[in-house]
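Report on the structure
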Amino acid sequence: MIKISPSLLSADFSNLSSEIERIKDHADYIHFDVMDGHFVPNLTIGPMIIQSVRGKTGLPFDVHLMIANPDPYLKTYADSGADILTVHAETCPTLYRTLSSIRSLGKKAGLALNPATPLAFAENVLEVLDLLLIMTVDPGFGAQSFIKSSLPKIQKAKELIKKADHLIELEVDGGIHPETAPLVKEAGATVLVAGSAVFSSHDDPKTAIQKLRG
Ligand code: DX5
Ligand code: ZN
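Residues numbered from 1 in each chain as written. Chains lettered and ligands numbered in written order. Predicted model: local features only at pLDDT ≥ 70, side-chain atom pairs only at ≥ 80, totals over all residues. Heavy atoms only, no water.

**Side note on the coordination of the zinc ion (ligand 2)**
Note on metal geometry: ideal angles are 109.5 degrees for four donors arranged tetrahedrally and 90 or 180 degrees for six donors arranged octahedrally. For the record, the criterion: For Na, K and Ca the donor cut-off is 3.2 Å; for every other metal, N, O and S atoms count as donors within 2.8 Å. Water does not enter the count, which can leave sites looking incomplete. Only four donors with every angle between 85 and 135 degrees are called tetrahedral; only four or six donors with opposite donors over 155 degrees apart and all others between 65 and 115 are called square planar or octahedral, in that order; all others are irregular. In this text, helices come from DSSP runs of H or I with a minimum length of four residues, and strands from runs of E with a minimum of two, each type numbered from the N-terminal end. Between buried and exposed lies partly exposed: a residue is buried under 20% and exposed over 50% of the maximum accessible area for its type, with that area taken using a 1.4 Å probe on protein chains only.
For the zinc ion (ligand 2), the full set of protein donor atoms is H31 (NE2), D33 (OD), H64 (ND1) and D173 (OD), at a range of 2.0 to 2.3 Å. Each of the 6 donor atoms around the zinc ion (ligand 2) contributes to a set of angles spanning 70 to 168°, which defines the coordination as octahedral. Sequence positions of the donors to the zinc ion (ligand 2) reduce to the motif H-x1-D-x30-H-x108-D. Linking H31 in strand β2 (residues 30-35) with H64 in strand β3 (residues 61-66), this pair joins segments that are 33 residues apart in sequence. For the pair shown, H31 and H64 are each scored as buried.

Next up, the structure:
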């Protein structure tokens, strides 16, 4: 079954505990968008915030690091309570080492690719990869429009990860709502990140998540 990873980026930051309470029985992961004001033009969540809500749910914390030079911070984010740590190919010159380091910290290793970044970045790191995140918007903000040319890339990513001898989740992030969710599922996605479709919808989060599952 498809997994849903609601992004807290669109939640009420003044009340994160109760926002998590609203989704925790309906979601599969919780997605944290960590932005540094360098790699992306926005500043958001740091490790202290993640740690502060770690006790609110046992759901896996899916931490999306949109930060330049992530290597020195991997341990800090691992210790904050992340279960999956996803780095961007565009920020990692020694990607195999970075993904291996995440695994050495006992966490699942994720690789994110921006819309213009070729899938080839994933080809030589499959053996140290647990999750491949195909960005369907350029990262930095919630509620942007889904980039349709991502669909063939998701299909190719599905074919690529089949070559691994272990399970690699195929996650998509950006502009996922009830109209685009069926398209990415059909293309092969196994995890859908959704911010505004869960927290800024007219529906309550439970119904919104059900609509994404389809
Ligand atoms: C974008 C973030 C996304 C964002 C998605 O940089 O990585 O996780 O929260 O927001 P929506 O679902 O509203 O497009
Ligand atoms: Zn994200």
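**Quick word on the sheet that holds strand β6 (residues 131-135)**
Where we set the bar: Strands are labelled as partners when DSSP assigns at least two bridges between them. Every axis in this analysis is a line fitted to C-alpha atoms, fitted for helices over the stretch in contact. Angles between the N-to-C directions lie between 0 and 180 degrees. What makes two residues a contact is simply this: any of their non-hydrogen atoms within 4.5 Å.
A sheet is described by the order of its strands in space; here 8 strands give the open sequence β1-β8-β7-β6-β5-β4-β3-β2, paired in parallel fashion. Looking at strand neighbours, the two that pair on one side only are β1 (3-6) and β2, the edges of this open sheet. Here the average twist between neighbouring strands, direction ignored, is 25°. With 6 bridges connecting them, β2 and β3 associate as parallel partners. Residue pairing for β3: D33 is matched across the bridge by H64. The strands that helix α6 (residues 150-161) touches are β5 (108-113), β6 and β7 (169-173); relative to β6, the one it contacts most, it runs at about 170°.

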